[in-house]
Amino acid sequence: MTPTHSLADDIRPTGFTCLMCGGCCSRGGEDDGMLVLVSAPEIRTIMDSTGLAWDEIAEPYPEWIPAEGGGQFTLAWCLRRTETACIFLGDDHRCMIYPVRPLICRTYPFALEEGRLSVYACPGIGQKTICTEAEQIAEECIQRDAAEATDAERTREVFMAMDLKPNEYAVVDSEGVKRIG
Ligand code: SF4
């Protein structure tokens, strides 16, 4: 049995159908930051598809860490948000960048964590999932896991070579150290 088939067998009994509620793309309340992580390659894919600039698509993950020699850094990008939702959520609750949405959006509410299936809260859980959808979700979970591992390794290499000056703010990603402001 392939890893995809095996994972699909784990997903199928959970059952899932997207109900188009828009909940996973919206902020639930004041404390809900709704941070959707997006990698540097994924941002470039969205740029190519939409014509938007990097900064129009993504913002630094809002967890700033003091660097040893001064300055502060964060280790990820997330999709820009309005006060209520992801900027790409349409009025009809459809994703406006559906064909190029990040892997985290493709796999939600499922994820592989340390090789095991995790299932996050979602009103679509428990709905009937047809066979091919479980296979597709499984395949995308495996793709996401591999992409995240590669991204983390490259980001670690960039981080090891980082040389921030005091008062500098930067996002460290798989492409390099991107100074902000
Ligand atoms: S990119 Fe699309 S699927 Fe992902 S959070 Fe935004 S609107 Fe939702």
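For the structure given in this document, a descriptive report is provided here. Because the structure is predicted, anything quoted here is derived from the model rather than measured.

## Section: the overall build of the protein chain
Of the regular secondary structure elements, the protein chain holds 5 helices and 9 strands. Along the protein chain, from the amino end to the carboxyl end, the secondary structure elements read α-β-α-α-β-β-β-β-α-β-β-α-β-β. A compact globule built from 181 residues would reach a C-alpha radius of gyration of about 16 Å, and the protein chain, at 18 Å, matches this within 12%. Projecting the C-alpha coordinates of the protein chain onto the three principal axes gives extents of approximately 55 × 40 × 30 Å. Residues classed as buried in the protein chain amount to 36% of the 181 residues present. A sequence separation of at least 24 residues applies to 60% of the contacts in the protein chain between residues at least 6 apart.

## Let's talk about the pattern of salt bridges
Tallied over the entire structure, the rule returns 12 salt bridges. Salt-bridge contacts for Asp 9 lead to Arg 12; the nearest nitrogen and oxygen are separated by 2.7 Å. In this pair, Asp 9 and Arg 12 both sit in helix α1 (residues 3-14), 3 residues apart, roughly one turn of the helix. Residue classification places Asp 9 among the partly exposed positions, given a relative accessible area of 35%. Accessibility expressed as a relative area gives 26% for Arg 12, which makes it partly exposed. Between Arg 80 and Glu 59 there is a salt bridge, with the nearest N and O atoms lying 3.4 Å from each other. Here Glu 59 lies in strand β2 (residues 58-60) and Arg 80 lies in the loop between β5 (77-79) and α4 (103-107), a separation of 21 residues in the sequence. A relative accessible area of 28% means that Arg 80 is categorised as partly exposed. On the accessibility criterion, Glu 59 (12% relative accessible area) is buried.

## Describing the site of the ligand
The environment of the ligand is made up of Cys 25, Val 36, Leu 79, Cys 86, Phe 88, Leu 89, Cys 95, Ile 97 and Cys 105. For the shell around the ligand, the residue count by class is 9 nonpolar, no polar and no charged.

## Comments concerning helix α2 (residues 40-50)
Taken together, the buried positions of α2 are occupied by Ala 40, Glu 42, Ile 43 and Ile 46. Along the axis of α2, the buried positions cluster into a sector of 160 degrees, meaning they face one direction only. Against the buried residues of α2 lie β1 (37-38), α3 (54-57), β2, β5, α4 and β9 (177-180). Just downstream of α2 lies Gly 51, where phi reads positive at about 80 degrees.

## Some thoughts on the pairing of β9
In this sheet, β9 lies alongside strand β8 (residues 169-172) in antiparallel orientation, the contact comprising 4 bridges. Across the sheet, the residue bridging to Val 172 is Val 177, located in β9. Here β8 folds back onto β9, and the loop between the two strands holds 4 residues, one of which, Gly 176, carries a positive phi near 160 degrees.

## Some thoughts on the environment of Glu 168
With respect to the element layout, Glu 168 can be found in the loop between α5 (131-160) and β8. Along the primary structure Glu 168 and Ser 49 are separated by 119 residues, whereas in three dimensions their C-alpha atoms are 31 Å apart. Not counting residues within four places of it along the chain, the set of residues in contact with Glu 168 comprises Gly 71, Gln 72, Asp 163 and Arg 179. At a separation of 2.8 Å, a polar atom in the side chain of Glu 168 contacts the main-chain amide nitrogen of Lys 165.

About the criteria used
The residue count restarts for each chain, going from 1 along the sequence in the order it is written. With the structure being a predicted model, the display of local features is reserved for residues of pLDDT at least 70 and the display and counting of side-chain atom pairs for 80 or more, all residues being used for whole-chain, interface and lining totals. Values shown for side chains rest on all heavy atoms present in the structure; no hydrogens or waters enter the calculation. By the criteria applied, helices consist of DSSP H or I runs no shorter than four residues and strands consist of E runs no shorter than two, each listed in order from the N terminus. Between the two quantities, the radius of gyration covers C-alpha atoms and the globule rule is 2.2 Å times the number of residues to the power 0.38. Between buried and exposed lies partly exposed: a residue is buried under 20% and exposed over 50% of the maximum accessible area for its type, with that area taken using a 1.4 Å probe on protein chains only. We call two residues contacting when some pair of their heavy atoms lies within 4.5 Å. Here, a salt bridge means any side-chain nitrogen of Lys or Arg that lies within 4 Å of a carboxyl oxygen of Asp or Glu. If even one non-hydrogen atom of a residue comes within 4 Å of a molecule or strand, that residue is called near it. Gly falls in the polar group here, along with every residue not listed as nonpolar (Ala, Val, Leu, Ile, Met, Phe, Trp, Tyr, Cys, Pro) or charged (Asp, Glu, Lys, Arg). The arc in question is traced by the directions running from the helix axis to the C-beta atoms. Here, a strand pair is defined by DSSP locating no fewer than two bridges between the strands. What qualifies as a polar contact is a pair of N or O atoms within 3.5 Å, subject to a donor-acceptor requirement within protein and to the restriction that residues adjacent in sequence count only when both atoms come from side chains.

Everything listed is a geometric property; what it means functionally is a separate question.
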